[in-house]
Amino acid sequence: MIKEKTNTTLTFEDFKTEVLSDYKIAITSRECSLLGRREVLTGKAKFGIFGDGKEVPQLAMAKSFKNGDFRSGYYRDQTFMMAIGQLTVQQFFAGLYGNTNIEQEPMSAGRQMGGHFATHSLNEDGSWKDLTKQKNSSADISPTAGQMPRLLGLAQASKIYRKVSGITKKSNFSVDGNEVAWGTIGNASTSEGLFFETINAAGVLQVPLIISVWDDDYGISVHAKHQTTKENISEILKGYQKETNTNGIEILKVKGWDYSELIATYEKASGIAREKHVPVLIHVDELTQPQGHSSSGSHERYKDADRLAWEKDYDCIRQMKLWMVAIDIASSEELAEIDSNAKKEVLEAKKAAWRQFIDPIVAEQKELVTLLEKVASSSNNKESITKISATLNHIKDPLRKEILVAARKTLRLVLNESGKAELSNWITSYTKNGQERFSSHLYSHSDMNVNTVNQVLPKYTNSAKEDTDGRMILRDNFDAIFTKYPEALIFGEDSGNIGDVNQGLEGMQEKYGELRVADVGIREATIIGQGIGMALRGLRPIAEIQYLDYLLYAIQIISDDLATLQYRTGGRQKAPLIIRTRGHRLEGIWHSGSPMGMIINAVRGIHVLVPRNMTKAAGFYNSLLECDEPALVIECLNGYRLKEKMPLNYGEFKTPIGVVETMKEGTDITLVSYGSTLRLVEQAAQELQQVGIDCEVIDIQSLLPFDINHDLVKSIIKTNRLLVIDEDVPGGASAYILQQIIEQQGGYNHLDSKPQTLTAKAHRPSYGTDGDYFSKPSIEDIFEKVYTMMNEVNPSKYPSLY
């Protein structure tokens, strides 16, 4: 058996050494789980979710995991991360405590609960590391099966690097596409649609992807009989099995406690995926979960005595011990010594991690106590301040919250005293440092962030006329992009063969090939996942969602994964995905496309751009490809056939991000809008001019970021009135725009009239031209709204309309 399951070049002593090393990792990981749960129960950690029971199969997976490979995993993979050398015991506990020092807690700088793992793809300045020289893990998220769409893209990147010419210079991302993307998921989470969508897409695309299903028969407290048809995920996936001359996936099954068989299974899977680019699913069953789902409950509540007894017998570490003793790798006494040493090492590492976490906070506690004593000495409220100081000083393991609360409560007591200035400065500095610890890197801090891109105007001939369809400007600009950036590619429903539904990609697939301009199935979540994964590996994908309303299928992945990536890794991973879609003003419920309030409040961390025409849209694509941040570009559905001037400098002109544009200057009122609605605003402004109302019309262009130069408040200073026109529901994007102008920019101070909004109705627009007219703001609605606002100012000059 030894010869069959191991590399034949190894001697028995080498094999023994390797197995014992694996065992030490497994028992160390188990001790981390056991001690970690106790840390939660004693209150030092807030919550714990651990990988106990999954140690041995993760050791096997780690053996086949190579430099350049990527993991997209489940929050129980601590043994795997230890086995590939990307997680130490001290780092494990630093994550459990929420240590915000990224050097001490490199997984997320304390921003995610323990069990969520990541490696650093970026240097501190945001530049790429050589990903081919390290073992990589994309940053975990908690939402079940949410790691699956990203896994698809991580695997597809290998296919692109292997088969698309012109990007071989990207040697720090791939070596001939030989990298495998490894996914892990709990058996219960395979019930999620995201899992099935990914399996289907992987079978179609034929990419080097291996999914391990950790099957311990339960999903929290719910048995597999309530989760999975036939209680067996590999059984119900048999229809996906790859056969001769078909696509599909390979399906392997192995017991989670059988060390030697697990190694053989993972070696086989790795060979299939790495060499043939065929996806593989490994169903690892008969696993256990010794401590239950998490620290929030006990599994004794939902497992019967027989199940608990079986789990004790078939615990993977116990079975590994029995196997090692049976084939004379080690005696029971030798293994007991390893166990004892592991306990000591884990305990010492836990103590060191706690001291690393708590000592800086204790130092901050002492610093404030000293300052409060100083403030108290000259205060009329000495007794109250001394009490606050003493209470803070007696906290054994303080939180930063408790320190700052004490300082802020004291500040109220010294408002008119000499100690106020020093205390106020201390609070300001402490709060700023706290915000850096807990709020940095929502957006890129690198020298490729969107603020570094300067505007480049389109160039035209002197005789240029507005006689070119907007879709042709997009098409020709995409042509320039694909020539300029060999790592750029686009994919979506109808994007390839027919050149997208509006012909903005006409002829591009024929010119650049089916891998760079690709059709995909109707599966929005994994379209986004493809983009995230490929962007994580240095490609520049443009993922097309056919209509803005369909974005809702993928909003969870966009919000939970893409939008949080830089933030949840403390700036150590990035995925500069561009999402292309189209919306606004088509006549009907499902393609009218204006759920902007929902989008902008779900995707903070992603830029949301709303160009009014295709030249502006093309300029945004050109800008974004010089940046390292993700963005959503929403093209106007009714703008593809509208006429625009043909630029000369395709691929070069750039629309600035976060900068508004004044379309018409005026003195009476500021009208603010974006996208298709802007054309109605411009027409209404012309008609209002005829009755003596001079409107200033401003195109927002970018909702996230919003008016970084504060040009809108400058307009209000001139006009003293504001109307926001938007085709979202009442209180949607218009509420956000008002908050930005009135509160953030201080516009309230310059208004002579109540700021108002004009939005669509609270429902989706009804079908047809009349449905659109009665559902969304019309030219007449805008005219009458502005006129009524001016009537309030000067009723004699502007008599009531009704």
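> Please explain the overall build of the chain as it appears in this structure.
Looking only at helices and strands, the chain has 27 helices and 22 strands in total. In terms of overall dimensions, the chain is globule-like: its C-alpha atoms have a radius of gyration of 30 Å, near the 28 Å expected for 802 residues. When the backbone C-alpha atoms are referred to their principal axes, the chain occupies close to 100 × 85 × 50 Å. Across the 802 residues of the chain, 60% fall into the buried class.

> Explain the sheet that holds strand β11 (residues 517-519) here, please?
Hydrogen bonds between backbone atoms are what pair the strands of a sheet, whose relative direction is either parallel or antiparallel. With respect to topology, seven strands assemble into an open sheet ordered β11-β10-β12-β13-β15-β14-β20, the strand pairing being mixed. Every interior strand has two partners, whereas the edge strands, β11 and β20 (702-704), have only one. Looking at each pair of strands side by side, their axes are set apart by 20° on average, direction ignored. Pairing of strand β10 (residues 488-492) with strand β12 (residues 540-544), which is carried by five bridges, proceeds in the parallel orientation. Residue pairing for β12: G492 is matched across the bridge by E544. The sheet contacts of helix α18 (residues 524-536) involve β10, β12 and β13 (578-583), and relative to β12 the element is tilted by about 170°. Across the sheet, helix α22 (residues 614-624) touches β12, β13, β14 (607-609) and β15 (631-636), and the angle it forms with β15 is around 165°.

> Whenever I open this one, the sheet that holds strand β2 (residues 136-137) confuses me. Can you help?
Read from one edge to the other, the open sheet built from six strands follows the order β2-β1-β3-β4-β8-β7, with strand pairing classed as parallel. For this open sheet the edge positions go to β2 and β7 (250-255), each flanked by a neighbour on one side alone. As paired strands, strand β1 (residues 70-72) and β2 are joined by two bridges and run parallel to one another. Bridged to F70 within β2 is N136. Contacts from helix α3 (residues 55-64) reach β3 (181-186), β4 (209-214) and β8 (280-285), with the element oriented near 170° to β4.

> Would you explain the side chain of Q740 in this entry?
Mapped onto the elements of the fold, Q740 is located in helix α25 (residues 733-744). Note on Q740: relative accessible area 17%, which makes it buried. Residues contacting Q740, with those up to four places away along its chain left out, are F706 and Q745.

> Explain the pattern of salt bridges to me, please; I cannot follow it from the model alone.
Side-chain pairing between opposite charges can occur once the charged atoms of the two side chains come close. Tallied over the full model, the rule gives 50 salt bridges. The salt bridge involving K511 is made with D479; its shortest N-O contact spans 2.9 Å. Of this pair, K511 sits in helix α17 (residues 508-512) while D479 sits in helix α16 (residues 470-484), and the two are 32 residues apart along the sequence. We classify D479 as buried; its relative accessible area is 19%. Taking the shortest distance from any N to any O, the salt bridge between K776 and E727 comes out at 3.2 Å.

> I keep staring at a negative patch on the surface and nothing clicks. Help me out?
Judged by side-chain charge, E103, E124, D125 and D447 come together as a negatively charged surface patch. For D125, the position within the fold is in the loop between α5 (89-97) and β2. A residue is classified by how much of its surface remains accessible, and D125, at 49% relative accessible area, is partly exposed.

> Which parts of the structure should I look at to understand the environment of E105?
Within the secondary structure layout, E105 lies in the loop between α5 and β2. Overall, E105 belongs to the buried group, its relative accessible area being 2%. Counting along the chain gives 27 residues from E105 to Q78, while the straight-line C-alpha distance between them is 14 Å. Within the structure, the side chain of E105 is placed 3.1 Å from the side chain of S108, a separation counted as a polar contact.

> Just checking my understanding: could you explain α5 for this structure?
Because the α-helix completes a turn every 3.6 residues, residues three or four places apart line up on one side. Taking burial as the measure, the nine residues of α5 include eight buried ones, the bulk of the element. Those residues of α5 lying buried are V89, Q91, F92, F93, A94, G95, L96 and Y97. Trailing α5 by a residue or two, G98 shows a phi angle of about 80°, which is positive.

> Looking at this structure, how should I read the confidence of the model for the chain?
In regions of low pLDDT, the predicted coordinates are not meant to be interpreted in detail. Of the residues in the chain, 98% reach a pLDDT of 70 or more, and the chain-wide mean stands at 95. The low-confidence segment residues 1-7 (pLDDT under 50) makes 12 contacts with residues lying over four places distant or belonging to another chain.

> Would you take a moment to explain the nonpolar core for this structure?
Inside soluble globular proteins, nonpolar side chains tend to come together where they are buried. Among the nonpolar cores identified, the biggest contains 87 residues, and I211, I528, M596, V608, L703 and I737 are the most heavily contacted of them. Beyond its immediate sequence surroundings of up to four residues, I211 is in contact with M148, L151, G183, I185, F195, I199, V280, L281 and I282. With 86 residues, the next largest nonpolar core counts F92, W257, V284 and V369 among its residues.

> Looking at this model, I keep getting lost on the packing of helix α12 (residues 332-377) against helix α13 (residues 382-393). Mind explaining?
In a packed pair of helices, the relevant descriptors are the angle between the two axes and the axis-to-axis distance. Two elements in contact, α12 and α13, have axes whose closest approach is 9 Å; the angle formed by their N-to-C orientations is 165°. Here α13 runs roughly antiparallel to α12, going by the angle between their axes. Seen from above, α12 lies across α13 with left-handed handedness. Counting all contacts with α12, which are made through Q365, L368, V369, L372, E373, V375 and A376, the residues of α13 involved are K382, I385, T386, I388, S389, L392 and N393.

> How should unusual backbone geometry be read in this particular structure?
Leave glycine aside and you will find that most residues have negative phi; peptide bonds, for their part, are mostly trans. Residues L704 and P705 are joined by a peptide bond in cis, for which omega reads 0°. Looking at the element boundaries, P705 is found in the loop between β20 and α24 (711-719). Of note, the phi angle at H441 is positive, near 65°, even though the residue is not glycine. Note on placement: H441 falls in the loop between α15 (420-439) and β9 (468-469). Of note in the backbone geometry, D707 takes a positive phi value of approximately 40° without being a glycine. Mapped onto the elements, D707 comes out in the loop between β20 and α24.

> Is there a simple way to explain the packing of helix α14 (residues 400-411) against α15 in this structure?
It is at 10 Å that the axes of α14 and α15 come closest, and there the two elements cross at 150°. Considered as vectors, α14 and α15 are oriented roughly antiparallel to each other. Of the two elements, α14 crosses α15, and the hand of that crossing is left-handed. Between α14, through R400, I403, L404, A407, R408, T410 and L411, and α15, the contact on the second element is made entirely by K420, L423, S424, W426, I427, Y430, T431 and R437. Of the residues belonging to the contact of α14 with α15, the class tally is eight nonpolar, three polar and four charged.

> What should I look at first to understand the packing of aromatic side chains in this one?
For any pair of aromatic rings, geometry is given as the distance between the ring centres together with the angle between the planes. Taken as a whole, this structure holds 28 aromatic pairs when the rule is applied. Judged by centre distance (5.7 Å) and plane angle (80°), the rings of Y773 and F774 are edge-to-face. Judged by relative accessible area, which is 39%, Y773 ranks as partly exposed. Through a chain of ring-to-ring contacts, three or more aromatic side chains come together here, namely F50, F92, F93, Y97, W354 and F357. Lying across the ring of Y218, K303 places its NZ or CZ 5.3 Å from the centre.

> So what exactly am I meant to see when it comes to empty space enclosed by the protein here?
One water molecule sets the probe size; rolling that probe over the atoms shows where empty space is left. Counted according to the given criterion, the structure contains four cavities of 30 Å³ or more. Each pocket or cavity is described by its volume, and for the largest cavity that value is around 70 Å³. What lines the largest cavity is a set of 13 residues, among which G95, M107, G114, G115 and F117 lie closest to the centre. Along the lines of polarity and charge, the residues of the lining of the largest cavity split into five nonpolar, seven polar and one charged.

The rules behind the values
- Residues numbered from 1 in each chain as written.
- Predicted model: local features only at pLDDT ≥ 70, side-chain atom pairs only at ≥ 80, totals over all residues.
- Heavy atoms only, no water.
- Helix = DSSP H or I, 4+ residues; strand = E, 2+ residues; numbered from the N terminus.
- Rg over C-alpha atoms; globule rule 2.2 N^0.38 Å.
- Buried < 20%, exposed > 50% of the residue type's maximum accessible area, 1.4 Å probe, protein only.
- Pairing = 2+ DSSP bridges.
- Axes fitted to C-alpha atoms, helices over the stretch in contact; angles between N-to-C directions.
- Contact = heavy atoms within 4.5 Å.
- Salt bridge = Lys/Arg side-chain N within 4 Å of Asp/Glu carboxyl O.
- Patch = residues over 30% accessible without salt bridge, like charges linked within 9 Å, V, L, I, M, F, W, Y side chains within 5 Å.
- Areas by Shrake-Rupley, 256 points an atom, 1.4 Å probe, with all protein chains shown as cover.
- Lys, Arg positive; Asp, Glu negative; His and termini not counted.
- Charge placed at Lys NZ, Arg CZ, Asp CG, Glu CD.
- Polar contact = N/O pair within 3.5 Å; in protein donor to acceptor, adjacent residues only side chain to side chain.
- pLDDT = per-residue confidence, 0-100.
- Core = buried A, V, L, I, M, F, W, Y, C linked by side-chain atoms within 4.5 Å.
- Parallel < 35°, antiparallel > 145°, perpendicular 65-115°, else oblique.
- Left-handed = near helix turned anticlockwise from the far one by under 90°.
- Nonpolar A, V, L, I, M, F, W, Y, C, P; charged D, E, K, R; others polar.
- Phe/Tyr/Trp six-rings, centres within 6.5 Å; stacked < 30°, edge-to-face > 60°.
- Lys NZ or Arg CZ within 6 Å of the ring centre and 35° of its normal.
- 1 Å grid on protein atoms, 1.4 Å probe; cavity = no way out; pocket = protein on both sides within 12 Å on 5 of 7 lines; lining within 4 Å.
- Points joined across faces, edges and corners; volume = space filled by probe spheres on them.

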